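Residue-level listing of the chains:
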Amino acid sequence: MRTDILFKKKTVFSYEIFPPRRSAPIETIYHTLDRMKGQQPDFISVTLGAGGTGENLSTAEIAQKIQEEQFLPSVAHLPAVNFSKDEILIILEELKEKKVENILALRGDILPNKEPKKDFSYASDLVAFIQEQGDFNIIGACYPETHGDAESSVEDIRNLKRKVDAGANQLITQLFFDNNYFYTFKEKCDIANINVPIQAGIMPVVNRKQIERMIKMSSVTLPTKFLKMMERYEHNPEAIRDAGIAYAINQIVDLVAQGADGIHLYTMNNPYVAQKIRDATRSLFNA
Ligand code: FAD
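What this report covers is the structure whose coordinates are included nearby. This is a predicted model, so every value here is computed, not measured.

1. A short note on the pairing of strand 4 (residues 102-106)
Extensive coverage of strand 4 is indicated by the burial of 5 of its 5 residues. Burial along strand 4 is two-sided: Asn102, Leu104 and Leu106 and Ile103 and Ala105, pointing in opposite directions, are all buried. Both strand 3 (residues 74-79) and strand 4 contribute to a ladder of 5 bridges, which runs parallel. Paired with Leu78 across the two strands is Ala105, which belongs to strand 4. Taken together, strand 3, helix 3 (residues 85-97) and strand 4 form a β-α-β motif whose crossover is right-handed. Sheet analysis places strand 4 next to strand 5 (residues 137-142), joined by 3 bridges and oriented parallel. Residue pairing across strands places Leu104 opposite Ile139, the latter belonging to strand 5. Since strand 4 and strand 5 lie parallel, the crossover through helix 4 (residues 123-133) that links them has a hand, and here it is right-handed.

Here it is, written out as structure tokens:
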């Protein structure tokens, strides 16, 4: 049975977590998930590195555990660029066995030191392939500020339409710090007849390391008010954490009020931050 998780209720609130590094025990993430128990997002998605078979492949196992122990639907991320069709088939079999029915179908980043396998050049190829294999709910990624490899924002939207036509029936955005990018993107999607629900990806930036990473990530615009806040508090861990949480809450309040289909919180495996944001916005999702 497919679970079209975005259609169950009006505004969806979900979490994203990532598996521990290969050198760390898997229990680390189970401990994090235990600390998130009670927060009750609508689903939890679990990332998978795009390195192919060399990666930590515990995503399916973690996704299964979320469903069995937290009684929440889970979503397994699947970046395909470094997998062959046969390898993807094995992963799909494992997901079926573990009753994980929701897949975020991705191309994955092309790594400078790794020649991609040729079976899946774009996420839409993977979406079509999963669609052929049976009863999965397929989700796709999208980019309010345009994907870095795209020829233009128009081409990016055309390619997104291809992905939806291939079978992605819901979308989750890349993170952004200025909601206007999301609203303009939604309008472009409407014009292009992309009519599936789109969840806005929100990342609370709560420490210096994350700020530095954001500054390096050239594809995401950092608004002046965001930079001013970070500059002012970057040397005070408690203040930067509280400011980052407040910034994310402000974005969420505005997005939900303006009718976004859902919010996807990049939790960075931080139960404290997720809890604060959940508590401050819970009533908005039921209103
Ligand atoms: P695509 O949809 O294939 O798009 C990639 C580029 O190709 C775009 O520029 C697009 O315009 C272009 N394109 C698409 N189709 C065509 C076509 N037919 N012809 C020409 N050009 C085309 N990465 C991971 O490794 N693991 C994860 O767990 C992970 N989770 C993510 C979760 C979310 C919500 C998001 C937004 C991203 C995530 N990523 C993850 C990152 C993602 O893998 C990268 O952004 C990657 O570079 C693109 O993946 P995609 O699925 O969006 O690719």
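2. Considering the pairing of strand 5
Successive residues of a regular strand alternate their side chains across the two faces of the sheet. Counted residue by residue, strand 5 has 6 buried out of 6 residues, so it is predominantly covered. Of the two faces of strand 5, the one carrying Asn137, Ile139 and Ala141 and the one carrying Ile138, Gly140 and Cys142 are both buried. The β-α-β motif built from strand 5, the intervening helix 5 (residues 153-166) and the parallel element strand 6 (residues 170-175) has right-handed crossover chirality.

3. Here we look at the environment of Asn269
Among the secondary structure elements, Asn269 is positioned in the loop between strand 8 (262-266) and helix 10 (271-286). For Asn269, a count of 20 C-beta atoms within 10 Å gives the class buried. Taking the C-alpha atoms as reference points, Asn269 and Tyr15, separated by 254 residues in sequence, lie 9.3 Å from one another. Excluding residues that lie within four positions of it along the chain, Asn269 makes contacts with Ile17, Phe18, Ile29 and Thr32.

4. Digging into the sheet that holds strand 1 (residues 12-17)
With parallel pairing, 8 strands are arranged side by side around a closed barrel as 1-2-3-4-5-6-7-8. Averaged over neighbouring strand pairs, the angle between their axes works out to 25 degrees when direction is ignored. By the bridge criterion, 4 bridges tie strand 7 (residues 198-202) to strand 8 in an arrangement that is parallel. Residue pairing across strands places Gln199 opposite Gly262, the latter belonging to strand 8. Running at roughly 165 degrees to strand 7, helix 9 (residues 237-257) makes contact with strand 7 and strand 8 of the sheet.

Calculation rules
- Residues numbered from 1 in each chain as written.
- Predicted model: local features only at pLDDT ≥ 70, side-chain atom pairs only at ≥ 80, totals over all residues.
- Buried ≥ 20, exposed ≤ 12 C-beta atoms within 10 Å, placed from the backbone.
- Helix = DSSP H or I, 4+ residues; strand = E, 2+ residues; numbered from the N terminus.
- Pairing = 2+ DSSP bridges.
- Right-handed = clockwise from strand over helix to strand, strands pointing away.
- Contact = placed C-beta atoms within 7 Å.
- Axes fitted to C-alpha atoms, helices over the stretch in contact; angles between N-to-C directions.

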